[in-house]
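What the coordinates show
Here is what each chain is made of, one letter per residue.
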Amino acid sequence: MNYRQLMIEELQDLYQAETEQASQLPQLAAQANDEALRTALQEHASETEAQALRIRQILEMAGAAPGGAGEVTPGVKGLVAEAHMKGEQVRDPFLKDLALIAAAQKMEHYELACYGTARATARTAGMDEAARLLQVSLDEEEAADKRLTDIALPIHKQAAQSMASMA
Ligand SMILES: [Fe+2]
Ligand SMILES: [Fe+2]
């Protein structure tokens, strides 16, 4: 494997990751009780579709197919499985939302790592337009992560209060 192949494979993995999340995020959104959380997850689902298209565009520029091995990587599968498991296990509405947020933020951080690496590789390879497009998606992931942190804050408080009143 050479440097270019490594870059292509990373992008193909990321394409699979985005496609998988685009289909899973609406399901996670449907489980959310908090309206702001539901909206944020739905909006990020549409953003995620655009991110997949951006990667497709970069791969086309590099003369490669988006599909690659056609497999969602084990890391992404695990994160998605974890998100569903937590969403189903937790009954309390506040705690369920917090569990969904935690799972969604794990995905965002995974993506931030992937985009950071892909951007560095694109820059090194002299693919300036690819690096620019990757930066756009990276900024979106960062904003999505921050939005979830902000949404979580009042839910943490409500969860703590409802736990205290039950004690
Ligand atoms: Fe994404
Ligand atoms: Fe994301």
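Just above, that's the structure.
What comes next is a walk through the structure. (Residues numbered from 1 in each chain as written. Chains lettered and ligands numbered in written order. Predicted model: local features only at pLDDT ≥ 70, side-chain atom pairs only at ≥ 80, totals over all residues. Heavy atoms only, no water.)

Let us look at the coordination of the iron ion (ligand 1). Around the iron ion (ligand 1), the donor atoms from the protein are Glu18 (OE), Glu18 (OE), Gln51 (OE1), Glu111 (OE) and Glu141 (OE), and they sit 2.0 to 2.3 Å away. Each donor residue of the iron ion (ligand 1) lies on one chain, and together they are spaced E-x32-Q-x59-E-x29-E. The two metals, the iron ion (ligand 1) and the iron ion (ligand 2), are separated by 3.2 Å and share Glu111 as a common coordinating residue. Of this pair, Gln51 sits in helix α2 (residues 35-61) while Glu141 is found in helix α5 (residues 128-166), placing the two residues 90 residues apart along the sequence. (Donors = N, O, S within 2.8 Å, 3.2 Å for Na, K, Ca; no water. Helix = DSSP H or I, 4+ residues; strand = E, 2+ residues; numbered from the N terminus.)

Another point: the nonpolar core. Ranked by internal contacts, the top residues of the largest apolar core, which has 25 residues, are Leu28, Leu37, Leu41, Ile101, Met107, Leu148 and Ile151. Of all the secondary structure elements, the ones that give two or more residues to this core are α1 (3-31), α2, α3 (74-89), α4 (93-124) and α5. When residues of this core are assigned to their parent elements, the largest contribution, six residues, is made by α4. Those residues in contact with Met107 that sit more than four places away from it in its chain are Gln21, Leu28, Leu79, Val80 and Ala83. Listed in part, the 21 residues of the second largest apolar core include Ile55, Ala64, Tyr115 and Ala122. (Core = buried A, V, L, I, M, F, W, Y, C linked by side-chain atoms within 4.5 Å. Buried < 20%, exposed > 50% of the residue type's maximum accessible area, 1.4 Å probe, protein only. Contact = heavy atoms within 4.5 Å.)

This part covers the packing of α1 against α2. In the contact formed by α1 and α2, the axes pass within 8 Å of each other and the chain directions differ by 155°. Put simply, α1 runs roughly antiparallel to α2. Crossing of α1 against α2: the hand is left-handed. (Axes fitted to C-alpha atoms, helices over the stretch in contact; angles between N-to-C directions. Parallel < 35°, antiparallel > 145°, perpendicular 65-115°, else oblique. Left-handed = near helix turned anticlockwise from the far one by under 90°.)

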